[in-house]
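Residues per chain, in single letters:
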There are 2 protein chains.
Amino acid sequence: MNKGILVVVSGFSGAGKGTVMKALLEKYDNYALSVSVTTRNPRPGETEGKEYFFRTREEFGKLIEEDALIEYAQYVENFYGTPRAYVEQQLAAGKDVILEIEIQGAMKVKEKLPEALLVFITPPSMEELKKRLIGRGTETMDVIQSRIARAHEEAQGMEDYDYLVLNDQLEECVERMHQIIQSEHYRMSRNQEFIQKIKGEIL
Amino acid sequence: MNKGILVVVSGFSGAGKGTVMKALLEKYDNYALSVSVTTRNPRPGETEGKEYFFRTREEFGKLIEEDALIEYAQYVENFYGTPRAYVEQQLAAGKDVILEIEIQGAMKVKEKLPEALLVFITPPSMEELKKRLIGRGTETMDVIQSRIARAHEEAQGMEDYDYLVLNDQLEECVERMHQIIQSEHYRMSRNQEFIQKIKGEIL
């Protein structure tokens with residue numbers, strides 16, 4: 001029961017997943033956060049290796065060639081990817097690695113690494129989600145439309161996730177996430193070594 | 001997230017599953033224990049409806065005919081079965097129902113009710129299991145052999161369970177069981193109602 005679990009976290013925009021993940025990492029030390037690599041320029045206040053690893057297109061292309069990314073995707077003009085080495089090191093060290101990515105990326109991860117655990121975070125109710133999508137009355141109709149379209153797309157993919165976590169109250173949501181991930185360590189399929197050992201010795 | 005989960009618990013003889021389940025039911029009030037029905041005679045100290053529901057062969061046959069049992073099996077001369085009505089009532093009331101049965105029964109339940117959660121309890125190590133199988137030096141070779149044969153058979157089936165729980169220290173094992181079962185409520189597949197609702201309302 002020593003290897004870490006790769007936990008892919010997605011969710012509706014406005015579900016507050018960033019806040020939940022931050023709180024989870026602060027509260028428990030058995031988690032490591034996977035930092036994505038991107039070709040986009042750093043925004044003011046962003047630091048190399050914290051929000052992202054910032055790379056040129058050429059460097060990014062090389063990472064793809066070397067199979068150094070678990071998954072990657074293009075959004076508009078820019079590429080985003082998940083560096084393999086860090087994730088594998090942390091998993092081997094027994095850390096559960098949190099990977100906060102979009103649905104498309106999540107599906108690619110699941111395809112390559114079927115043992116990844118996919119968690120979808122949602123606001124507790126539709127009213128709450130709509131409130132968050134519409135904003136505080138300061139958004140243009142265009143922004144609202146595109147957020148709803150996005151939420152619609154996200155909802156189509158949510159069934160492919162393993163767990164659904166409601167973010168009603170932050171502290172509770174963090175605990176729920178933690179217990180789901182820790183319980184997952186006891187899944188039969190994650191304990192092949194123990195099973196083989198006990199089967200062999202029983203004869 | 002209101003319906004209860006049917007939790008099937010099996011494990012190596014001597015894994016202490018009876019003690020774990022008793023402690024779980026005493027500590028948390030969201031569980032209900034399914035009591036089996038049997039055609040065998042009550043042993044001294046056994047009470048109708050507590051250890052078992054005691055029925056004649058004829059009555060048992062009628063339960064089968066009426067599809068009133070989720071599963072049943074014959075061991076040696078006697079029949080054992082799981083009454084459906086109690087389980088369904090408790091699940092509908094939101095209770096997680098604990099069903100402590102043998103591997104064969106567990107597989108039948110999984111076949112009929114794929115949403116059942118199967119948990120296998122094991123001692124933490126092979127030495128510990130052997131110690132428990134061999135006993136305190138007071139057992140005959142025959143008894144030991146049959147226990148090892150039984151454990152061997154149980155080990156073959158353990159991979160079909162969903163979770164593997166080590167019973168090293170009772171209190172920890174009870175907590176682990178509780179968290180596994182409660183986390184399972186957040187499985188995507190158990191939240192179809194919420195998914196359909198949110199999908200419908202997002203449009």
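Here's what I pulled together on the structure shown here. (Residues numbered from 1 in each chain as written. Chains lettered and ligands numbered in written order. Predicted model: local features only at pLDDT ≥ 70, side-chain atom pairs only at ≥ 80, totals over all residues. Heavy atoms only, no water.)

**Examining the relation of the copies chain B and chain A**
Just so we agree on the cut-off: Only residues with pLDDT of at least 70 in both copies count here: their C-alpha atoms drive the least-squares fit that superposes the copies. By definition in these notes, contact holds between two residues if any of their heavy atoms fall within 4.5 Å.
Placing chain B over chain A gives an RMSD of 0.0 Å and needs a rotation angle of 180°, together with 0.0 Å of translation along the axis. Such a turn and shift between the copies fits a two-fold axis. Across chain B, the smallest distance between a C-alpha and the rotation axis is recorded for Gln179 of chain B, namely 3.2 Å. A high fraction, 100%, of the interface residues of chain B reappear at the interface in chain A, so the copies pair face to face through one surface.

**Structural notes on the nonpolar core**
This is how it is decided: The definition of a nonpolar core used throughout is a set of buried Ala, Val, Leu, Ile, Met, Phe, Trp, Tyr and Cys residues joined through side-chain atoms within 4.5 Å. Using a 1.4 Å probe on the protein chains alone, a residue whose accessible area is under 20% of its type maximum counts as buried, one over 50% counts as exposed, and one in between counts as partly exposed.
Grouped together as the largest cluster of nonpolar side chains are 105 residues, with contacts concentrated most on Phe12 and Met177 of chain A together with Phe12 and Met177 of chain B. Setting aside residues up to four positions removed in sequence, Met177 of chain A forms contacts with Val9, Val20, Met21, Leu24, Val119, Ile121 and Val165 of chain A.

**Brief notes about the interface of chain B and chain A**
Selection rule: The term buried area refers to how much accessible surface (probe radius 1.4 Å) is lost by two components on association, counted for both of them together. The term salt bridge refers to a side-chain nitrogen of Lys or Arg lying within 4 Å of a carboxyl oxygen of Asp or Glu. We call two N or O atoms a polar contact when they sit within 3.5 Å, provided that within protein one can donate a hydrogen and the other can accept it, with sequence-adjacent residues counted only if both atoms are side-chain atoms. Where helices and strands are cited, they refer to DSSP runs of H or I of at least four residues and of E of at least two residues respectively, numbered from the N terminus. The nonpolar class holds Ala, Val, Leu, Ile, Met, Phe, Trp, Tyr, Cys and Pro. Asp, Glu, Lys and Arg form the charged class, and all remaining residues, Gly among them, are polar.
Contacts between the two partners involve 39 residues from chain B and, on the opposite side, 39 residues from chain A. With both sides pooled, the region where chain B packs onto chain A buries about 3800 Å², and carbon together with sulfur makes up 64% of that total. It is Tyr186, Met188 and Ile202 of chain B that lose the most area in chain B upon contact with chain A, and together they represent 20% of the buried surface on that side. For the pair chain B and chain A, the number of links is 4 salt bridges. Across the salt bridge formed by Arg187 of chain B and Glu184 of chain A, the nearest N and O atoms sit 3.6 Å from each other. On inspection of chain B and its partner chain A, the count reaches 18 residue pairs in polar contact (both at pLDDT 80 or more). Of all the secondary structure elements, the ones that give two or more residues to the side of chain B that touches chain A are strand E8 (117-122), helix H5 (126-134), helix H6 (141-157), strand E9 (163-166), helix H7 (170-184) and helix H8 (192-202) of chain B. With 8 residues, the top contributor of residues to the side of chain B that touches chain A is H8 of chain B. Of the residues belonging to the side of chain B that touches chain A, the class tally is 23 nonpolar, 8 polar and 8 charged.

**Things to note about the side chain of Thr38 of chain B**
Looking at where Thr38 of chain B falls in the secondary structure, it is placed in strand E3 (residues 36-38). Discounting residues that sit within four places of it in the chain, Thr38 of chain B has contacts with Tyr52, Phe53, Phe54, Arg55, Phe60, Phe79 and Tyr80 of chain B.

**Some words on the side chain of Glu154 of chain A**
When you line up the elements, Glu154 of chain A lands in helix H6 (residues 141-157). Beyond its immediate stretch of four places on either side in the chain, Glu154 of chain A contacts Gly11, Phe12, Ser13, Glu102, Ile103 and Phe120 of chain A.

**Considering the sheet that holds E9 of chain B**
Residues and elements named next belong to chain B. Filter applied, for reference: Strands pair, by our definition, only if DSSP identifies at least two bridges between them. Orientation is described by lines fitted to C-alpha atoms, with helices fitted over the stretch in contact, and by angles between N-to-C directions that extend from 0 to 180 degrees.
One open sheet holds the 5 strands; their spatial order is E2-E7-E1-E8-E9, and the pairing between them is parallel. Where the open sheet ends on each side, the last strands, each with one partner, are strand E2 (31-33) and E9. Averaged over neighbouring strand pairs, the angle between their axes works out to 30° when direction is ignored. Pairing geometry for strand E1 (residues 6-11) and strand E7 (residues 96-100), over 4 bridges, is parallel. Within E7, the residue paired with Val8 across the bridge is Leu99. Against the sheet, helix H4 (residues 103-112) engages E1, E7 and E8, with an angle of about 155° to E1.

**Quick look at the environment of Asn167 of chain B**
Residue placement: Asn167 of chain B occurs in the loop between E9 and H7. For the pair Asn167 of chain B and Ile121 of chain B, spaced 46 residues apart in sequence, the C-alpha separation works out to 6.6 Å.

**Some thoughts on unusual backbone geometry**
Residue and element names in this part refer to chain B. Of note, the phi angle at Asp67 is positive, near 55°, even though the residue is not glycine. You can see Asp67 is positioned in the loop between helix H2 (57-65) and strand E5 (69-75). At Val76, a residue that is not glycine, the phi angle is positive and equals roughly 50°. Examined against the element boundaries, Val76 turns out to sit in the loop between E5 and strand E6 (78-83).

**Notes on the pairing of strand E9 (residues 163-166) of chain A**
For a regular strand, side chains alternate in direction, first toward one face of the sheet and then toward the other. Residues and elements named next belong to chain A. Neither face of E9 is left uncovered, since the one carrying Tyr163 and Val165 and the one carrying Leu164 and Leu166 both have all their residues buried. Relative to E9, strand E8 (residues 117-122) is paired through 4 bridges, and the arrangement is parallel. By the bridge assignment for E9, Ile121 is matched with Val165.

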